[in-house]
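Now for the letters of each chain:
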Amino acid sequence: MAGGATSGGNAVTDTYKEARNWLLLPAWVTLSFLVLAPVLLMLVYSFLTKEFRGGVIWEFSLAAYDQFFFDRGLFGDDPAQIEWTYIAIFWRSIWQAGAATLLSLAIGFPTAYFIATRPEKQRVIWVFLITIPYWVNLLIRTVSMRFLLRDEGPLNSFFMATGLVDGPVHMINTNFAVQVGLFYSYLPFMVLPIYAAVERYNFTLSEAAADLYANKWITLRHIVLPAVKPGVIAGCILVFVPSLGSFLAPDLLGGAKNFMIGSLIEEQFKGNAGNWPFGAAASMILLTMVLIILVIYARAQARSDKEAG
Amino acid sequence: MSLENPNAIEVREAVKRYGNFTALKTISLSIKDNEFFTLLGPSGCGKTTLLRMIAGFEDVSEGAIFLYGEEIEGLPPHKRPVNTVFQNYALFPHKTVLDNVAFGLQMRGNSKADSRKKAGEMLELVQLSQFANRKPSQLSGGQQQRVALARALAPQPKVLLLDEPLSALDLKLRKAMQLELKHLQRETGITFIFVTHDQEEALTMSDRIAVMSSGELQQLGDAREIYESPRNMFVADFIGETNLLDVSVDRIESGQAVCHLDGGHALTCPAIEDVTAGLNVHLSVRPERLILTTGPDTDTGMKATVRENIFVGTDITTLVDLADGPQITVRTSNSARGNERIFEPGSPVFVNMEHGAARLLVD
């Protein structure tokens, strides 16, 4: 951009610009077909009228959004009141995803740090080991987790056999089970970016901190963490966003009471009972929320960078 | 070692092993209070390992290290009252220059305001006050170096460790920093332990120098001793430039060894221990202690032919071939007097040694 602005009419610059446009084409095509088109499709569908057996009637309607936010009684003619059901599901999803993210961070950070501080040849093996469970399909892993957590499952058998508890600890169909499921599904997304950041970290800085009378905890908090912050943030986003829209773990481990947005959206497109415009509207609201969270974060980050600089 | 005035650092038979590899072979040395002490040697000689053992980054495999009479082995780095200036400075990139310098003060329990105030004074000392609020990456190499120095000096350590701190600077800046460091050491009265592979740097700055190679202490002494009385071949060769000639000892006479070169030329120089008649030893003589003349000046004059003159600014280096002997190097100062002793290549000359310039060395 900078080069082109000063010598706009230059033949060499024009050729360069043209070449650059062609080189960017694959990226534009990919983005258009795989990101822009689906989102636009969803946006359009969310403003259409539902057909009872799934699908849509091509007629503009705000019914989907209306259904999400307002309650107009059984026959739709009562005065509009705020509908809390779906907002509550959203709220639960956010804190479930948040809790799963914190759990992943608590386990993922030490894991990543451990791997990054191994001798160079060992690191590849550790990273490889981390990814092994992910060769198995997510559905199968989540179902297995269900068996593990059951009242009569191996975990409870172990607890009772060791005399830790008298009766089984009820874990299945609780928020806890959902968080464990989400944590297990997305842990590598936390570990890998943090690992990459810690691996690049200059450990002489830790030595310098220790040399200047900082203990290990202070060194970690004031020297290591600020340096690897980008990796930590990337990890948190990569775990939080898919957790928010996840439906496998809440469906299989959370039971009917612990419904999340992902399950709500999934239901609208499953079989004949669905409501496509409503599902599309819920997806749009989810997308908007994630965007808002990311923008707020980016703003805060820019501000703290400015203050620090 | 008396209890009232113990050494700043006392290394007692310290050994460092990494698996089967011995990095440091039984080193013992004492570093005095207020001393500018240098560990000098080629890379891999163990000098940095020894420094890191004093800082606490490496443990001692055998032996012990004392800091002002107290054993420090087992204390983690953050509990040792020594600070380090790292080779690549290791400044905290996300902190400002001022906060970098204040860090150690704060960790020692000073309040934030107090630490910053003292850090500001340290920055004044190294003339960087105007950069206090910059990030380290916005400074030049020389400025970063001074920040690292200020940061390590701010908590007033009992001993300051410097790990090749000048190696990343260009020659002119390095020379200026050498003097600045020397003055800073005198002003603060803190014991400095300086690690370098640059013998000129070591000679310029140090009160005493420990020359090391392959994990062993080769010689310990002040600059003049190390330069003029090298104890062995390694020290003679490593410190400065020298001519090493193979000689045979004919006899020892009242403290003087009479020997001859392979070519037959007889020489006399101070005898040392372990040298007896009939032994083949080496003779070391510095190029600047040799004088070229047209006729034999003294009885030590050796016949030679000038091969080449190399102009190096302050000096002229002349390569001469000894008659029936090896090539040796003569250095003459680039002065009116010195220039009278420069001869065209091919000229027959005599090489004369200054009195007491030659030194015998055993392998």
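Computed from a prediction, not measured in an experiment: that's the story for all the values here.

Novice: Sorry if this is basic, but what is going on with the overall build of chain A here?
Specialist: Looking only at helices and strands, one finds 13 helices and 4 strands in chain A. Relative to the globule expectation of 19 Å for 309 residues, the C-alpha radius of gyration of chain A, 25 Å, shows a markedly less compact shape. Taken along its principal axes, the extent of the C-alpha atoms in chain A is 80 × 75 × 40 Å. When the 309 residues of chain A are sorted by exposure, 35% land in the buried category. Carbon and sulfur atoms provide 70% of the accessible area of chain A, an area that totals close to 18300 Å². Charged side chains of chain A number 21 positive and 21 negative; the gap between the two group centres comes to 8 Å.

Novice: Is there a simple way to explain the environment of Ser-140 of chain B in this structure?
Specialist: Tracing the backbone through its elements, the reader meets Ser-140 of chain B in the loop between helix H3 (112-125) and helix H4 (141-153). Placed 29 residues apart in sequence, Ser-140 of chain B and Leu-169 of chain B show a C-alpha to C-alpha distance of 9.9 Å.

Novice: Would you mind showing me how to read the domain arrangement of chain B here?
Specialist: By a frequent convention, interface size equals the accessible area lost on bringing the separate parts together. Residue and element names in this part refer to chain B. Taken domain by domain, chain B holds domain 1 (9-236) and domain 2 (241-361). The gap between the C-alpha centroids of domain 1 and domain 2 is 39 Å. Counting from both sides, the interface comprises 9 residues of domain 1 and, opposite them, 9 residues of domain 2. Of the roughly 780 Å² buried between domain 1 and domain 2 on both sides combined, carbon and sulfur atoms contribute 54%. Of all residues in domain 1, the largest losses of buried area upon contact with domain 2 belong to Tyr-227, Met-233 and Ala-236, amounting jointly to 67% of the total for that side. Scanning the region where domain 1 abuts domain 2 turns up 1 salt bridge. In this structure, the salt-bridge partner of Glu-228 is Arg-289, at a minimum N-O distance of 3.9 Å.

Novice: Help me understand the side chain of Thr-101 of chain A, please; the structure alone is not making it clear to me.
Specialist: Residues and elements named next belong to chain A. Residue placement: Thr-101 occurs in helix H4 (residues 84-116). Thr-101 gets classed as buried once you look at its relative accessible area, which sits at 8%. Excluding residues that lie within four positions of it along the chain, Thr-101 makes contacts with Met-190, Cys-236, Val-239 and Phe-240.

Novice: Quick question: what am I supposed to make of the UniProt feature "transmembrane region" (unreviewed entry) in chain A here?
Specialist: Using the residue numbers shown here, the UniProt feature "transmembrane region" (unreviewed entry) corresponds to residues 23-48, 94-116, 123-140, 176-198 and 276-297 of chain A. A distance of 32 Å separates the end C-alpha atoms of residues 276-297 of chain A, which is 100% helix and 0% strand.

Novice: Mind showing me how you'd approach the packing of aromatic side chains here?
Specialist: What characterises a pair of aromatic rings is the spacing of the ring centres plus the angle enclosed by the ring planes. Going through the model one piece at a time under the given rule, you end up with 23 aromatic pairs over all chains. With a centroid separation of 6.1 Å and 40° between ring planes, the pair formed by Phe-68 of chain A and Phe-278 of chain A is classed as tilted. Residue Phe-68 of chain A is located in helix H3 (residues 63-69), and its partner Phe-278 of chain A is located in helix H13 (residues 276-308); the two are separated by 210 residues in the primary sequence. When sorted by exposure, Phe-68 of chain A lands in the same class as Phe-278 of chain A, which is buried. The rings of Phe-68, Phe-69, Tyr-86, Phe-90 and Phe-278 of chain A are connected pair by pair, giving a single aromatic cluster. The side chain of Arg-118 of chain A reaches across the aromatic face of Phe-114 of chain A, ending 4.0 Å from its centre. The ring centre of Tyr-213 of chain A lies 4.1 Å from the NZ or CZ of Arg-108 of chain B, which sits over that ring.

Novice: How do you make sense of the nonpolar core when you look at a structure like this?
Specialist: One recurring pattern in soluble globular proteins is that nonpolar side chains are buried together. Grouped together as the largest cluster of nonpolar side chains are 70 residues, with contacts concentrated most on Ile-9, Leu-29, Leu-39 and Ile-193 of chain B. For this core, the element with the highest residue contribution is helix H8 (residues 175-200) of chain A, accounting for 13 residues. Formed by 35 residues, the second largest nonpolar core is a distinct cluster that contains Val-85, Met-122, Phe-131 and Leu-139 of chain B.

Novice: Can you walk me through the sheet that holds strand S18 (residues 327-333) of chain B in this structure?
Specialist: Pairing between the strands of a sheet comes from backbone hydrogen bonds, and it takes one of two forms, parallel or antiparallel. Residue and element names in this part refer to chain B. Read from one edge to the other, the open sheet built from 5 strands follows the order S15-S19-S16-S17-S18, with strand pairing classed as antiparallel. The open sheet has two edge strands with one neighbour each: strand S15 (290-293) and S18. Taken over all neighbouring pairs, the strand axes of this sheet differ in orientation by 45° on average, direction set aside. Relative to strand S17 (residues 315-322), strand S16 (residues 302-311) is paired through 7 bridges, and the arrangement is antiparallel. Residue pairing across strands places Asn-309 opposite Thr-318, the latter belonging to S17.

Novice: Quick question: what am I supposed to make of the layout of surface pockets here?
Specialist: If you roll a probe as big as a water molecule over the atoms, it shows you where there is empty space left. All names here are of chain A. In this structure, the largest pocket occupies an estimated 440 Å³ of space. Looking at the largest pocket, it is lined by 16 residues, and the ones nearest its centre are Ser-206, Glu-207, Ala-210, Lys-216 and Thr-219. Of all elements in the fold, only helix H9 (204-211) and helix H10 (216-245) reach the threshold of two or more residues within the lining of the largest pocket. Of the residues forming the lining of the largest pocket, the biggest block, 4 residues, is contributed by H10. Considered class by class, the residues forming the lining of the largest pocket number 9 nonpolar, 5 polar and 2 charged.

Novice: How should I be thinking about the sheet that holds strand S5 (residues 70-71) of chain B in this particular structure?
Specialist: Residues and elements named next belong to chain B. Strand order across the open sheet formed by 4 strands is S2-S1-S4-S5, with antiparallel pairing between neighbours. Unpaired on one side and paired on the other, strand S2 (21-31) and S5 mark the two borders of the sheet. Lying over the sheet, helix H1 (residues 47-55) contacts strand S1 (9-18), S2 and strand S4 (62-67), oriented at roughly 115° with respect to S1.

Cut-offs and rules
- Residues numbered from 1 in each chain as written.
- Chains lettered and ligands numbered in written order.
- Predicted model: local features only at pLDDT ≥ 70, side-chain atom pairs only at ≥ 80, totals over all residues.
- Heavy atoms only, no water.
- Helix = DSSP H or I, 4+ residues; strand = E, 2+ residues; numbered from the N terminus.
- Rg over C-alpha atoms; globule rule 2.2 N^0.38 Å.
- Buried < 20%, exposed > 50% of the residue type's maximum accessible area, 1.4 Å probe, protein only.
- Areas by Shrake-Rupley, 256 points an atom, 1.4 Å probe, with all protein chains shown as cover.
- Lys, Arg positive; Asp, Glu negative; His and termini not counted.
- Charge placed at Lys NZ, Arg CZ, Asp CG, Glu CD.
- Domains from an automatic or database assignment.
- Contact = heavy atoms within 4.5 Å.
- Buried area = accessible area lost by both parts, 1.4 Å probe.
- Salt bridge = Lys/Arg side-chain N within 4 Å of Asp/Glu carboxyl O.
- UniProt positions renumbered as here; feature names shortened; annotations may be inferred.
- Phe/Tyr/Trp six-rings, centres within 6.5 Å; stacked < 30°, edge-to-face > 60°.
- Lys NZ or Arg CZ within 6 Å of the ring centre and 35° of its normal.
- Core = buried A, V, L, I, M, F, W, Y, C linked by side-chain atoms within 4.5 Å.
- Pairing = 2+ DSSP bridges.
- Axes fitted to C-alpha atoms, helices over the stretch in contact; angles between N-to-C directions.
- 1 Å grid on protein atoms, 1.4 Å probe; cavity = no way out; pocket = protein on both sides within 12 Å on 5 of 7 lines; lining within 4 Å.
- Points joined across faces, edges and corners; volume = space filled by probe spheres on them.
- Nonpolar A, V, L, I, M, F, W, Y, C, P; charged D, E, K, R; others polar.

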